[in-house]
Amino acid sequence: GAGVSQTPSNKVTEKGKYVELRCDPISGHTALYWYRQSLGQGPEFLIYFQGTGAADDSGLPNDRFFAVRPEGSVSTLKIQRTERGDSAVYLCASSRTSGGITDTQYFGPGTRLTVL
Amino acid sequence: GNSVTQMEGPVTLSEEAFLTINCTYTATGYPSLFWYVQYPGEGLQLLLKATKADDKGSNKGFEATYRKETTSFHLEKGSVQVSDSAVYFCAGNLNSGGYQKVTFGTGTKLQVIP
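## What about the sheet that holds strand E7 (residues 65-68) of chain A?
All names here are of chain A.
1) Next: In spatial order, the strands read E1-E3-E8-E7; together these four strands make up an open sheet with antiparallel pairing. Either end of the sheet is taken by a strand with one partner, and the two such strands are strand E1 (5-7) and E7. This sheet shows a mean twist of 15° between the axes of neighbouring strands, independent of strand direction.
2) Next: Examined bridge by bridge, strand E3 (residues 19-24) and strand E8 (residues 75-79) share five bridges and lie antiparallel to one another. By the bridge assignment, Cys-23 is partnered in E8 with Ser-75.

Written out as structure tokens, the structure reads:
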């Protein structure tokens, strides 16, 4: 597609439920990033994929969070046993190459997750 | 630890006023530095970047110079327009692993009034 797309745009769930957030990167982009943006804050890094593998998952807050990218394109961020503190906008970004310092990250519009 | 600090907002300016948004960073190496902008209802967009000391990034009339001696990357524009109203994020690739693990500041909301 023309840009990074994310679905759903909004997700409301109840505490304790499981959610999946999807990211469709720009075609051909090998690097994919997930960030989380809480209200009034800047985005915080969660995880980085190079191809199919998670090269850096140091930003995932705990083991309730997991992300996959099985075919090196679409990625899914999975959150188990959601808590109210998980409420935030989840952003996905992709870049063309392996993420060299001169490459540009293109961000999707985000998924706004609300946990009641 | 590594971090990016930017001035708090909101900043309210009249059209054609001069804009400065301060940003400083803490890092062990020499990171690439960025300014991102988020217009109302839209996603994050890269505004400009600089990859080494003394580089000046520029775009849409905005400029920022990478100052290693002061670890700063202040955003400036000589004459703001109403259409510049947005949230501006200073950011840096503070990671030394060769990929863009970007650390963001908290954002500065700019409102330009006619």
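## Focus on the environment of Ser-32 of chain B
1) Next: Position of Ser-32 of chain B relative to the elements: it lies in strand E5 (residues 32-38).
2) Next: Among the residues examined, Ser-32 of chain B registers a relative accessible area of 2% and is labelled buried.

## Looking at the side chain of Ser-75 of chain A
Residues and elements named next belong to chain A.
1) Next: Mapped onto the fold, Ser-75 is located in strand E8.
2) Next: For Ser-75, a relative accessible area of 0% translates into the label buried.
3) Next: Polar side-chain contacts of Ser-75 include one of 2.9 Å to the side chain of Trp-34.
4) Next: Each residue touching Ser-75, except ones within four places of it in the same chain, is listed here: Leu-21, Arg-22, Cys-23, Leu-32, Trp-34, Phe-49, Val-68 and Arg-69.

Here is what the cut-offs are and how they apply
Residues numbered from 1 in each chain as written. Chains lettered and ligands numbered in written order. Predicted model: local features only at pLDDT ≥ 70, side-chain atom pairs only at ≥ 80, totals over all residues. Heavy atoms only, no water. Pairing = 2+ DSSP bridges. Helix = DSSP H or I, 4+ residues; strand = E, 2+ residues; numbered from the N terminus. Axes fitted to C-alpha atoms, helices over the stretch in contact; angles between N-to-C directions. Buried < 20%, exposed > 50% of the residue type's maximum accessible area, 1.4 Å probe, protein only. Polar contact = N/O pair within 3.5 Å; in protein donor to acceptor, adjacent residues only side chain to side chain. Contact = heavy atoms within 4.5 Å.

Shape is all these values report; function is a separate question.
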